[in-house]
Amino acid sequence: MAQLNVQHVDKIYDNKVQAVFDFNLDVKDGELIVLVGPSGCGKSTTLRMIAGLEDISAGHLLLDGKDITQTPAKDRDMAMVFQNYALYGHMTIYENMAFSLTLRKENPNVIHKKVLAAAEILGLTSQLNKKPSQLSGGQRQRVAMGRSIVRNPKVFLFDEPLSNLDAKLRGATRREILLLHKRLQATMLYVTHDQTEALTLADRIVCMSMGHVQQVGTPLELYDAPANRFVASFIGLPPMNFFDVTVREGLLEGRGFKVKLTEEEKGILLPYAGKTIELGVRPEDVQEGTEATLNVFSNENLGMNTLIHGHVGDNNRISAKLRGWFDYEVGDNVNVAFTRKHFFDKETGVAIRKGEKA
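Trainee: Give me the packing of helix 2 (residues 93-103) against helix 3 (residues 108-122): which residues, what numbers.
Mentor: It is at 10 Å that the axes of helix 2 and helix 3 come closest, and there the two elements cross at 135°. Compared by their axis directions, helix 2 and helix 3 come out oblique. For the element pair helix 2 and helix 3, the recorded crossing hand is right-handed. Between helix 2 and helix 3, the contacting residues are Tyr-94, Met-97, Ala-98, Leu-101 and Thr-102 on the first element and Ile-111, His-112, Lys-114, Val-115, Ala-118 and Ala-119 on the second. The residue makeup of the contact of helix 2 with helix 3, split by class, is 8 nonpolar, 2 polar and 1 charged.

Here it is as C-alpha cells:
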C-alpha cells in the first residue's frame, strides 16, 4: 500500500486561530493509525489536511517519499469514509459503489468485477439493487467503505465513521473494519473520540488535546504507560482516579490515607521526597486489601465485575472495579489496596518515570 509521513504540520485559520500545532507522524505501510481525543482537539482537521480537504498552513506531507503538500485532493490517491456516509440517495448501492470508477471512465467489466469483489468482502452482494434509504445505518456505512475499496487507494481515511450508529451496530461495524484491515493489509488513518474504538482497532494510537499530540504508541503503551495526566485520564474506562499525595519516606501521604511504596517506587520517587505529586490509580487496580478504606456511595453490578464508587480518606473520590459480584450498600466500608500506581508531576502533569529528575 503506502507509507505516509506528516512533518511539522500546522493549521492556522484566517482568523489566526491555530487548530493544529507541529503535528508529526510516520505511518508505516499497512499500518492502522487511530487519532483519538476529545471534540475540538484537532484530530479531524489533521485528517482533512492529509486528505487535501483543508490547506496545510506549515509543514509537509509525503506519500511514498513524494511531497504531496500542495497536491489536490483528487490526485492524492486516498479514499475517505465520512461520518454521514455521503451516499447518493437516487442511486442504487451498485451505482454508489461504482460511481468514482465510472467518473474515471474505467472499463465497465473492470468496474463490475471490482464492485462485486468489494460487495463480497462487506456482505453486500444481496443489497446491490437497493437504494440507500432501504438499508440500515450499519449497511450504509459498509457501502461507504465499499465505495472506497473499489478505488484501491494507497491510503484509507476514516472520519468518525461509527458516530451515527447505535452501540450494537458500532461494535459490529468496528469488527468489520478490523477484519477489512487485516484482509486488505491497507494503510489506514482513523479518527474517533471513542477510546474503545482506538484501543480495539489501532496498531498505534495518536492521542491529541488542544491541537497538540500528547502521545503516540501502541494501545498497551498508552494504557499501561501514559506519558502525562491527560493521556492517563482519557484512555481507560472508567477513567483513572487521581489523588494529591506527598512523598514521605517509604510511603505516600494523602488526605486522610497513606499508601506504602515498593522498593522500585521508592527509587522512582526519590527526587520528589517531601514534594506533592499526583497519584494515579486505575479502577481495575483498586482491589480488596489493607492499604485504605473505601466508603461506598454507589454499587454497580456489571456481571463479572462490580463497579463501586466512594471516598477514601478525607473525601477523596474514587472508583474501584472489583472482580466478581458484590452488593455493597451506601455507607459500607471496603478495605482496598492499590495494585498498580502511576505518578505525575503536580506542576507539568508529565508522568514520573524511572531515572528522571524532578
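Back to the text.
Trainee: Summarise the layout of surface pockets; cite the residues concerned and give the values.
Mentor: Put simply, the largest pocket is a space of about 530 Å³. Elements represented by at least two residues in the lining of the largest pocket include exactly strand 6 (78-81), helix 2 and helix 4 (137-151). Among the elements that make up the lining of the largest pocket, the one with the highest residue count is helix 4 (4 residues). Together, 17 residues line the second largest pocket, and Ile-268, Arg-340, Lys-341, Phe-343 and Ile-352 are the ones closest to its centre. Of the residues that constitute the lining of the second largest pocket, the class distribution is 8 nonpolar, 2 polar and 7 charged. Residue-level mapping places the lining of the second largest pocket at the junction of two domains, with at least three residues from each of domain 1 (4-233) and domain 2 (238-345).

Trainee: Residue-level account of the sheet that holds strand 18 (residues 333-338), with values.
Mentor: Read from one edge of the open sheet, 4 strands run 17-16-15-18, paired in antiparallel fashion. Sheet topology places strand 17 (316-323) and strand 18 at the edges, where each strand pairs with a single neighbour. Here the average twist between neighbouring strands, direction ignored, is 50°. Bridge count for strand 16 (residues 305-312) against strand 17 is 8 bridges, and the pairing is antiparallel. Considered in strand 17, the bridge of Val-312 is made with Asn-316.

Trainee: Now, about the domain arrangement of the protein chain: what can you tell me, with residues and values included?
Mentor: Split into domains, the protein chain comes out as domain 1 (4-233) and domain 2 (238-345). Computed from C-alpha atoms alone, the centre-to-centre distance between domain 1 and domain 2 is 39 Å. Between domain 1 and domain 2, the residue contacts involve 8 residues of the former and 9 residues of the latter. Here domain 1 and domain 2 share an interface that buries about 760 Å² over both sides, 47% of which is from carbon and sulfur atoms.

Trainee: Give me the lowdown on unusual backbone geometry, citing residues and values where you can.
Mentor: In this chain, Leu-237 is followed by Pro-238 through a cis amide linkage whose omega measures -5°. Inspection of the secondary structure assignment puts Pro-238 in the loop between helix 8 (229-234) and strand 11 (241-248). One non-glycine residue, Asn-152, lies in positive phi territory at about 50°. Backbone geometry places Gln-185, a non-glycine residue, at a positive phi of 55°. Along the chain, the position of Gln-185 falls in the loop between helix 5 (167-184) and strand 8 (187-192).

Trainee: Go over the environment of Glu-278 with me, naming the residues and quoting the values.
Mentor: Along the chain, Glu-278 falls in strand 14 (residues 276-281). Accessibility expressed as a relative area gives 8% for Glu-278, which makes it buried. Taking the C-alpha atoms as reference points, Glu-278 and Ile-352, 74 residues apart in sequence, are found 9.6 Å from one another. Once residues lying within four places of it in the same chain are set aside, the contact partners of Glu-278 are Arg-229, Phe-242, Phe-243, Asp-244, His-342, Phe-343, Phe-344 and Lys-346.

Trainee: Any details on helix 1 (residues 43-51)? Residues and values, ideally.
Mentor: Buried residues dominate helix 1, accounting for 7 of its 9 residues. All of the buried residues in helix 1 are Lys-43, Thr-45, Thr-46, Leu-47, Met-49, Ile-50 and Ala-51. Positioned one or two residues after helix 1, Gly-52 has a phi angle of 95°, which is positive.

Trainee: Can you lay out the packing of aromatic side chains for me, pointing to particular residues and giving the numbers?
Mentor: By the definition in use, this model includes 7 aromatic pairs. Seen in terms of ring centroids, Phe-243 and Phe-338 are 5.9 Å apart; in terms of plane orientation they differ by 15°. Their pairing is stacked. Of this pair, Phe-243 sits in strand 11 while Phe-338 sits in strand 18, and the two are 95 residues apart along the sequence. Summarising the burial analysis for this pair, Phe-243 and Phe-338 share the class buried.

Trainee: Give me the nonpolar core: which residues, what numbers.
Mentor: With 41 residues, the main nonpolar core has Met-97 and Tyr-190 as its most contacted residues. Filtering out sequence-adjacent residues up to four positions away, Met-97 remains in contact with Val-115, Ala-118, Ala-119, Leu-124, Leu-128, Val-143, Gly-146, Arg-147 and Val-150. Ranked by size, the runner-up nonpolar core spans 29 residues in total, among them Ile-268, Ala-292, Leu-294 and Ile-308.

Trainee: Provide a residue-level description of the sheet that holds strand 12 (residues 251-253), including the pertinent values.
Mentor: If you walk across this open sheet you meet the 5 strands as 13-12-11-14-19, and the pairing is antiparallel. Two strands close off the open sheet at either side, each with one partner strand: strand 13 (258-260) and strand 19 (342-345). On average, adjacent strands in this sheet sit at an angle of 40° to one another, irrespective of strand direction.

Trainee: Now, about the side chain of Glu-197: what can you tell me, with residues and values included?
Mentor: With respect to the secondary-structure elements, Glu-197 resides in helix 6 (residues 195-201). Buried and unpaired, Glu-197 has no salt bridge, with Arg-170 as the nearest side chain of opposite charge at 4.8 Å. Residues contacting Glu-197, with those up to four places away along its chain left out, are Leu-162, Arg-170, Arg-174, Tyr-190, Thr-192 and Ala-202.

Rules and cut-offs
Numbering of residues starts from 1 in every chain and runs along the sequence as written. Note on the predicted model: pLDDT of at least 70 is required for a residue's local features to be given, and 80 or more for side-chain atom pairs to be given and counted; whole-chain, interface and lining totals, by contrast, use all residues. Here the side-chain values reflect all heavy atoms present in the structure, with hydrogen atoms and water set aside. Only the stretch in contact is used when fitting a helix axis, every axis being a line fitted to C-alpha atoms; angles between N-to-C directions are given from 0 to 180 degrees. Secondary structure elements are defined from DSSP: runs of H or I of at least 4 residues count as helices, runs of E of at least 2 residues count as strands, and each element is numbered from the N terminus. Any angle from 65 to 115 degrees is called roughly perpendicular, while one under 35 is roughly parallel, one over 145 is roughly antiparallel, and all others are oblique. The handedness criterion is simple: a crossing whose near helix is rotated anticlockwise from the far helix by less than a right angle is left-handed, and one whose near helix is rotated clockwise is right-handed. In what follows, residue pairs with any heavy atoms lying within 4.5 Å of each other are defined as contacts. Three classes are used, and their members are as follows: Ala, Val, Leu, Ile, Met, Phe, Trp, Tyr, Cys and Pro are nonpolar, Asp, Glu, Lys and Arg are charged, and the others, Gly among them, are polar. Cavity and pocket criteria rest on a 1 Å grid covering protein atoms alone: a 1.4 Å probe that fits but cannot get out defines a cavity, protein on both sides within 12 Å along at least 5 of 7 lines defines an open pocket, and an atom within 4 Å of a point defines a lining residue. Grid points are joined across faces, edges and corners, and a volume is the space filled by probe spheres set on the points. Reported domain spans reflect what an automatic or database domain assignment gives. In this description, strands pair whenever DSSP reports at least two bridges between them. The quantity reported as buried area is the accessible area (1.4 Å probe) lost by two parts once they are put together, taken as the sum for both. Using a 1.4 Å probe on the protein chains alone, a residue whose accessible area is under 20% of its type maximum counts as buried, one over 50% counts as exposed, and one in between counts as partly exposed. Paired rings are identified among Phe, Tyr and Trp, the last through its six-membered ring, by centres lying within 6.5 Å, and are further divided according to the angle between planes into stacked (under 30 degrees), edge-to-face (over 60) and tilted (the rest). Working definition of a nonpolar core: buried Ala, Val, Leu, Ile, Met, Phe, Trp, Tyr and Cys residues. They are joined through side-chain atoms within 4.5 Å. Working convention for charge: Lys and Arg count positive, Asp and Glu count negative, and His plus the chain ends are omitted. Any carboxyl oxygen of Asp or Glu within 4 Å of a side-chain nitrogen of Lys or Arg constitutes a salt bridge here.

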